Amino acid sequence: MKRLVIFLMVLATGAMAQDNRPAALQDIGIDQKLDAQVPLDVAFHDSTGKTVKLGDYFGKRAVILAPVYYECPMLCTLTLNGLVKAAKELSFDAGKQYEVVAISFNPKETPVLAAGKKQTYLREYGRGDEAAAGWHFLTGDEASIKKVMDAIGFRYKWDEQTQQYAHAAGLVMLTPQGKIARYFYGVNFPSRDLRLALVEASANKIGTKTDQVLLFCFHYNPTTGKYSLAINRVLQVAGVGTVLALGLLMFGLMRHNRRGEAAAR
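Residues numbered from 1 in each chain as written. Predicted model: local features only at pLDDT ≥ 70, side-chain atom pairs only at ≥ 80, totals over all residues. Heavy atoms only, no water.

**Details of the overall build of the protein**
- Within the protein, the regular secondary structure consists of six helices and 14 strands.
- Relative to its full complement of 265 residues, the protein shows a buried share of 45%.
- For the protein, the exposed area adds up to about 13800 Å²; of that, 55% sits on carbon and sulfur atoms. (Helix = DSSP H or I, 4+ residues; strand = E, 2+ residues; numbered from the N terminus. Buried < 20%, exposed > 50% of the residue type's maximum accessible area, 1.4 Å probe, protein only. Areas by Shrake-Rupley, 256 points an atom, 1.4 Å probe, with all protein chains shown as cover.)

See below:
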């Protein structure tokens, strides 16, 4: 019964969220392209303004890639917050056992913004100046950005009305050779799962597809601190799915307990 409940929980949450997604978010998401190669020859600018290639951060260690944009009003900051929180709990050190590469998918953002983000998260990471060698915040032109985002299956869209990007939240784990090993969805990343993924990616092991529970950033109003109707619909659907899943789980546990009591009697 327990296996059935878990299966129904995943099915209800995933199917309901997909079927009830607003039209504006139908083309937004993260497609899983496991074992695909990211382009290592594309050029970007690092947080000092220096021209670099994506491949400069590969070859020795696994890489955690964060597709974000630095002036995002909500989810991108939460994604980076979740990443640094998990990284602080790891015994591994960024720059020694793995690399963190954040790429802004907004071609208008500058190295100055990237430098501010790097300073913020290095301070939060709290492992001294040596950690700076393991955290990289990049900006680039539209062509370079598109090549990388297409390679990792990250689909996003600029909304003229709100002057913001509609996008999902997540991280991509890459092998030292730049192959996609695993996806993490949302803004919370259990350190145990992240550690296992780092170990496997470092050994060039490719993971399996995971269930998607997507969070979307769209029509957030920084003045009122509220989402528009579109994102509220998605959140409501996700909430209904969660309640349904919890109800099924409780029902299964209650039946299991009753059967145990009956057997004892």
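**Concerning the environment of A143**
- Relative to the helices and strands, A143 is located in helix α4 (residues 142–152).
- Expressed as a C-alpha distance, the spacing of A143 and V42, which sit 101 residues apart in the sequence, is 8.9 Å.

**Here's the deal with the pattern of salt bridges**
- On inspection of all chains with the given rule, the structure shows eight salt bridges.
- D150 is the salt-bridge partner of K146, the closest N and O atoms lying 2.7 Å from each other. Of this pair, K146 and D150 both sit in helix α4, separated by four residues, roughly a single helical turn.
- Taking relative accessible area as the criterion, K146 reaches 46% and is therefore assigned partly exposed.
- Since its relative accessible area comes to 37%, D150 is described here as partly exposed. (Salt bridge = Lys/Arg side-chain N within 4 Å of Asp/Glu carboxyl O.)

**Quick word on the side chain of K117**
- Within the element layout of this structure, K117 appears in helix α3 (residues 111–125).
- This buried residue, K117, is left without a salt bridge; E109 holds the nearest opposite charge, at 8.1 Å.
- Discounting chain neighbours no more than four positions away, the residues touching K117 are Y70, T77 and F137. (Lys, Arg positive; Asp, Glu negative; His and termini not counted. Contact = heavy atoms within 4.5 Å.)

**Quick look at the confidence of the model for the protein**
- Overall, the predicted model of the protein reaches an average pLDDT of 82, with 70% of residues at or above 70.
- Between residues 1–19, whose pLDDT stays under 50, and residues either more than four places distant or in other chains, the model counts 17 contacts.
- In this model, residues 219–235 is a region of pLDDT below 50 whose contacts with residues beyond four sequence positions or in other chains number 29 contacts. (pLDDT = per-residue confidence, 0-100.)

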